[in-house]
Amino acid sequence: MSLYDRDYTRSNELEGRSSALSLFIKQTYQLFAASLLAGAAGAYVGIYALARVFLENRIAFWVLFGVEIVLLFALMAKKRETPLNLILLFAFTFCSGLTLTPLLYSVLSLPAGAVIVAQALALTSVAFGALSIFAMNTKRDFTTMGKMLFIALIVIICASLINIFMASAIFQLVISSVAAILFSFYILYDTQNIIRGNYETPIEGAVALYLDFYNLFVSLLQILGLTSNRE
């Protein structure tokens, strides 16, 4: 009888963990979807209300970028405090959409700018979906790639800072291409960490997915914009 009780208790514990993980994953992807909407709203406001401000005053853009970074760190520090974490999440994602304004404006000013933006968004969505499905079904473990991906990220950030002064279109194309590959691997990495419950809160997982999607979109938009401009 005691053995039956232990097996029954163990079964209930496993069911409880599975249910908790399913709820965690559901909440993470709901927050991710809401974050994309907030980011899109920020980009819309930026294009139609703040584009001229950012083009005429680069300091305003860098101030906004600084605010975005502060919001991200504040979000990570307060990720367990509801509803403050939700306020910070949507403030950060909305702000990140605003900081896309100069890039979107420059691409939209091209002859086929609207088509390029649509193509970049479509490619990002398809790649994100395909990589997420692959990460959920493959037996390969991508969660061990954290350190390597972080080192690659630091290298790309440093290269991007250098190119601010070089202003080389070819170098930017190389950086964007490498970044697109990097964030594709980050999608695999973060998806597996989410489905295995390796993040402490759904907020943390949602931010990770949002940054993967956002940066992949930026990389593809830069690639398409640069190649179109050269043609």
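Let us look at the structure shown here. (Residues numbered from 1 in each chain as written. Predicted model: local features only at pLDDT ≥ 70, side-chain atom pairs only at ≥ 80, totals over all residues. Heavy atoms only, no water.)

## Considerations on unusual backbone geometry
Following Thr82, the chain continues to Pro83 via a peptide bond in cis, the omega torsion being 5°. As for its placement among the helices and strands, Pro83 is situated in the loop between helix H2 (58–77) and helix H3 (84–98). (Helix = DSSP H or I, 4+ residues; strand = E, 2+ residues; numbered from the N terminus.)

## Details of the nonpolar core
One finds Phe32, Leu100, Leu104, Phe217 and Leu221 to be the most contacted residues of the largest nonpolar core, which totals 58 residues. Here the element with the most residues in this core is helix H8 (residues 202–230); it accounts for 15 residues. Among all residues touching Phe217, those that are not within four sequence positions of it are Leu100, Leu104, Val117, Ala120, Leu121 and Thr124. (Core = buried A, V, L, I, M, F, W, Y, C linked by side-chain atoms within 4.5 Å. Buried < 20%, exposed > 50% of the residue type's maximum accessible area, 1.4 Å probe, protein only. Contact = heavy atoms within 4.5 Å.)

## Considering the side chain of Gln192
With respect to the secondary-structure elements, Gln192 resides in helix H7 (residues 169–195). Engagement of the side chain of Gln192 in a polar contact is seen with the backbone oxygen of Ala135, the distance being 3.2 Å. (Polar contact = N/O pair within 3.5 Å; in protein donor to acceptor, adjacent residues only side chain to side chain.)

## Comments concerning the packing of H2 against H3
Two elements in contact, H2 and H3, have axes separated by 9 Å at closest approach and are oriented at 155°. On the basis of the axis angle, H2 is roughly antiparallel to H3. The two elements H2 and H3 cross, and the hand of that crossing is left-handed. Where H2 approaches H3, its residues Leu64, Val67, Glu68, Leu71, Leu72, Ala74 and Leu75 are matched on the opposing element by Asn85, Leu88, Leu89, Ala91, Phe92, Cys95, Ser96 and Leu98. (Axes fitted to C-alpha atoms, helices over the stretch in contact; angles between N-to-C directions. Parallel < 35°, antiparallel > 145°, perpendicular 65-115°, else oblique. Left-handed = near helix turned anticlockwise from the far one by under 90°.)

## Description of the environment of Ser219
Its place among the elements puts Ser219 in helix H8. We classify Ser219 as buried; its relative accessible area is 3%. Residues Ser219 and Ala34 lie 185 residues apart in sequence; the distance between their C-alpha atoms is 22 Å. Excluding residues that lie within four positions of it along the chain, Ser219 makes contacts with Ser176, Ala179 and Ala180.

By themselves these figures say nothing about function.
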